[in-house]
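# Reading the structure
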Amino acid sequence: MAEAADFQGMSPSPARRWLRRTGALLAGAPLLAGLLQLPAAAPAQAAASDTVDVSLDSLSPSTPTDGDTLTVSGTVTNKGKQTVSDAHVGLRVGPQLDTRSEIDATARHSDDLQTSVGSEVGGKYVEKFAKLTPGVAEHFSISVPVDKLDLGQAGVYDFAVSLSGRTTAQPWDQVLGIRRTFLPWQPDEADTRTKTTYLWPLISTVHVTAKTGAGEQQTPVFLNDDLAKELSPGGRLAQMLALGKDLDVTWVIDPDLLASVDAMAGNYKIQGPDGTTTAGTHQAVAKQWLAGLQEAVAGKEVVALPFSDPDLASLAHHGTSVTGSLSHLKDATDVASLTVKTVLHVTPSTEFAWPVDGAVDPSIIKVATSAGADKVIARSDSLQETGGLTYTPSAARPIGGGTTAVVADARLSTAFEGDLTTAGSATLAVQQFLAQSLELGRQTDKQRSIVVAPQRLPSAGQAQAMAQAVTALQESTWSQPQDLAAAAKTKPDADATTRIPSTSAYPSSLRKQELPRSAFEQMARTEDKLENFKVILTNQSRVVTPFGRALNREMSLSWRGRNGKADSFRQGVENYIDDLAQQVKLIPKSETKLSGRSATIPVTVQNNLVQGADHLMLRLTSTMPTRLKIGGKAYMEQRVAVSGGHSQSVKFTTSANANGPVTVIAQLYTQDGQKYGRAVQFDVKVTEVTPTVMLVIGGGVLLLVLAGFRMYTQRKRAAARQTEDAGPHETGNDTEGPLSPEGAGDRLMEESDARTRAGDPEQPSDPTPDTAPESTDPSGTGERVDR
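Note that the coordinates shown come from a computational prediction; the quantities given were computed from them, not determined experimentally. (Residues numbered from 1 in each chain as written. Predicted model: local features only at pLDDT ≥ 70, side-chain atom pairs only at ≥ 80, totals over all residues. Heavy atoms only, no water.)

## Some points on the overall build of the chain
Going by this rule: Here a helix means four or more residues in a row that DSSP labels H or I, a strand means two or more in a row labelled E, and each is numbered from the N terminus. The buried label applies to any residue whose accessible area, calculated with a 1.4 Å probe on protein chains only, is under 20% of its type's maximum; exposed applies above 50%, and partly exposed to all values in between. Contacts are assigned to residue pairs with any non-hydrogen atoms lying within 4.5 Å of each other. For the accessible areas, the method is Shrake-Rupley and the probe is 1.4 Å, while residue cover comes only from the protein chains on display.
Looking only at helices and strands, the chain has 22 helices and 30 strands in total. When each of the 787 residues of the chain is scored for burial, the buried share is 46%. A separation of at least 24 residues holds for 77% of the contacts in the chain among residues at least 6 apart in sequence. Surface exposure of the chain reaches about 38,700 Å², of which carbon and sulfur atoms provide 52%.

The structure is reproduced here in structure tokens:
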């Protein structure tokens, strides 16, 4: 103030400067003393760091009421380098949390020492430790009557477990570690209970291939034996069944899981990395699980998803532009109910569609309802409120076109998605879930229907936490269970939003995991090959059923985040249909020789399938019909039917008009005119003998015959004359003298007979022998044809 009174531009006098400096020193002395003493006088929580980790492993009961004794147990672990002495664990009750957002904020900073959590209960409700050695975990358990906690009106309270003690560097009592959680307090029954629907998903990944054994039973082939691990005691699906059977929940089941376990209950095989298969050995595990599930769902609500839980978002964003993709969804929906009825002996609801994470846009809604579902399970972080409601509205929302969006609460639905492998993390998740549920119920005095749609594939630890929370909720004083169908029929809040978010608002994180358009194009290609193959079969169901289910599995939502495995599965299905189709084929032929004007050409069809192949047409086409005709024209067709494991030769009549090679093409066709398999192309070499040549050859033969006859008669006459002229002693010829003409004729005939006996080559005029009987083996070089 004195400085303010000084005139501007004038320097203070020496006396005034001395007084001012002296006053400043006197005024700063207490502040300096305080700074020097700060380590000893500062608040304990502000000075300390979280030297000790506090884990809250159990809080029982989760929702205490009047007269209860609350038991809190866990561990404390010294993470520092110094020993903590004079330590004790105490309980602290903080202020009441009035909003769901406050609960979220508290959960995010559950180990923050800088935030006050209220005073310690103290007294005998502590557990003391003389020292905490670095790195050593110490267990604690404290039981305290609820009335000692001084809880006020009903609501959610900030509740904490703290560890206080001293260190060598800071030898005073201070809070060295803390773990905050929530204490739902509703001692009396709420005036209005919230109706809560909890979905209990029984869904797995894809396990079964399109391959089946060749026998009548068509033994299924599994990708691996992972499903057996999930079904075995301690496995994920075993836990889901054991925990869910005692809960009042809505079972949401993928029929593919039921079909796979049912297949495992019989004979099944496991596919190895090299393509070989080995016999599966977990039939007993599969049978036991199915029997337990049949018992668990008896009298309960069961919702069947389309077969193999198709990825509706991927189909909506990338598949609808590919012809036939929506038909797979319809097929998956149609087979769902039949599968559940057959395996579980209950009639499921098939009117619900469930996009991944409940994220929707107009295209997803359109696809989800295209196969007959009229209710779509969405989530509140997708279908967000825009009307300024001060409370969470009921789940049911009419969104037009006779479709109802059943909006699950996002906070409750995502409560168990974290790493819950430790007891501490699971306990915090359970208490936060219950706190959110109670706070939701206290928002208004209106009764509402709330739906909880958790993750599709919860781990065993997550499932245990879910079951603990649902059990506590069903025993609470503010909630009551409700079926999903009833929740969907609840009268909607008039002010609740019904506007579907735009396509651009769809989460990019989910879009990145979608199946690409190329995946649906490959499915369409495989479907075309299946259609072309099945029409030739005498028992189409042997391939239609396994390949139909395989195509459903190619669209499974479980492929998200596993692009490589998804590609491999789709390629395996397409390769297998190719392999099967190639088992019905034409046997290759080499060059065929054709002598004469006409002959028959055999073409062999081989069927290596177990079942018969029918409804095929074999067409043989001449590329030069002016030289060679098939059946009197350019080509000829004949129907083919071949039993399984056999071959059939089909003969075609040909006629030649000129000499020379002609290329002939054999091709199988289905009855609707589609080419089937690869064509077989071979050359026919025509060596036709003309009429002029035949006349010349015939004349030559006649002359030879006449000459021989003349020589024979002359020989006879000469022999008779010699007999008459010779005396009694002249009865032989002179072998060393020249031969007479008659003798020469005899010699010629003898030499001819000798050549014939010695196997001289046949003359050009000899008739060509017919070919050997038909063979199913591939034709050899220079193959003759049947006359």
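## Some thoughts on the pattern of salt bridges
When their charged atoms lie close together, side chains carrying opposite charge are able to pair. Convention followed: Only one rule defines a salt bridge in this text: a Lys or Arg side-chain nitrogen within 4 Å of an Asp or Glu carboxyl oxygen.
According to the stated counting rule, one finds 27 salt bridges in the structure shown. Where Asp226 meets Lys229, a salt bridge forms, and the shortest distance between an N and an O atom there is 3.8 Å. Here Asp226 pairs with Lys229, and both are found in helix α6 (residues 226-231), just three residues apart, close to one helical turn. The class of Asp226 is partly exposed, set by a relative accessible area of 34%. Put simply, Arg560 and Asp311 hold a salt bridge, and the shortest N to O gap is 2.8 Å. Of this pair, Arg560 sits in the loop between α19 (541-554) and α20 (563-581) while Asp311 sits in the loop between β14 (302-304) and α10 (312-319), and the two are 249 residues apart along the sequence. Accessibility expressed as a relative area gives 4% for Asp311, which makes it buried. Three or more residues joined by partner-sharing salt bridges are found here, namely Arg525, Lys529, Glu574 and Asp578.

## Section: the packing of aromatic side chains
What describes a pair of aromatic rings is the distance from one ring centre to the other and the angle between the planes of the rings. For clarity, the threshold we go by: Classification of ring pairs rests on two measures: the distance between centres of Phe, Tyr or Trp rings, Trp counted by its six-membered ring, which must be within 6.5 Å, and the angle between planes, read as stacked under 30 degrees, edge-to-face over 60 and tilted in between. Ring-over charges, as used throughout, are those where CZ of Arg or NZ of Lys falls within 6 Å of the ring centre and within 35 degrees of the ring normal.
Scanning all chains against the criterion turns up six aromatic pairs. Seen from their ring centres, Tyr198 and Phe433 are 6.2 Å apart, and the 65 degrees between their planes marks the pair as edge-to-face. Taken as a pair, Tyr198 in strand β8 (residues 194-202) and Phe433 in helix α14 (residues 423-441) lie far apart in primary sequence, 235 residues in all. With relative accessibility at 3%, the residue Tyr198 sits in the buried group. In textbook terms, an aromatic cluster arises when at least three aromatic residues are bridged by ring pairs, as seen for Tyr198, Trp200, Phe416 and Phe433. For Lys589, the ring lying beneath its charged end belongs to Phe682, and the centroid distance is 5.4 Å. Above the face of the Tyr635 ring, Lys633 is positioned so that its terminal group lies 5.8 Å from the ring centre.

## Some thoughts on unusual backbone geometry
Put simply, Ser60 and Pro61 share a cis peptide bond, and its omega is 0 degrees. Within the secondary structure, Pro61 sits in the loop between β1 (52-60) and β2 (69-78). With phi around 50 degrees, Gln218 is a residue other than glycine that occupies positive phi space. Here Gln218 is to be found in the loop between β9 (208-212) and β10 (220-222). The phi torsion at Asp357 lies on the positive side, around 55 degrees, for a residue other than glycine. The exposure class assigned to Asp357 is partly exposed, which follows from its relative accessible area of 34%.

## Focus: the sheet that holds strand β12 (residues 269-271)
Put simply, the test is: Two strands are said to pair when DSSP picks up at least two bridges between them. Axis definition: a line fitted to C-alpha atoms, over the contacting stretch in the case of helices. Angles run 0 to 180 degrees between N-to-C directions.
One open sheet holds the four strands; their spatial order is β9-β10-β12-β13, and the pairing between them is mixed. The open sheet has two edge strands with one neighbour each: β9 and β13 (277-279). The sheet shows a mean angle of 35 degrees between the axes of neighbouring strands, direction not considered. As defined by bridge partners, β10 adjoins β12 across two bridges and the pair is classed as parallel. Residue pairing for β12: Phe222 is matched across the bridge by Ile270.

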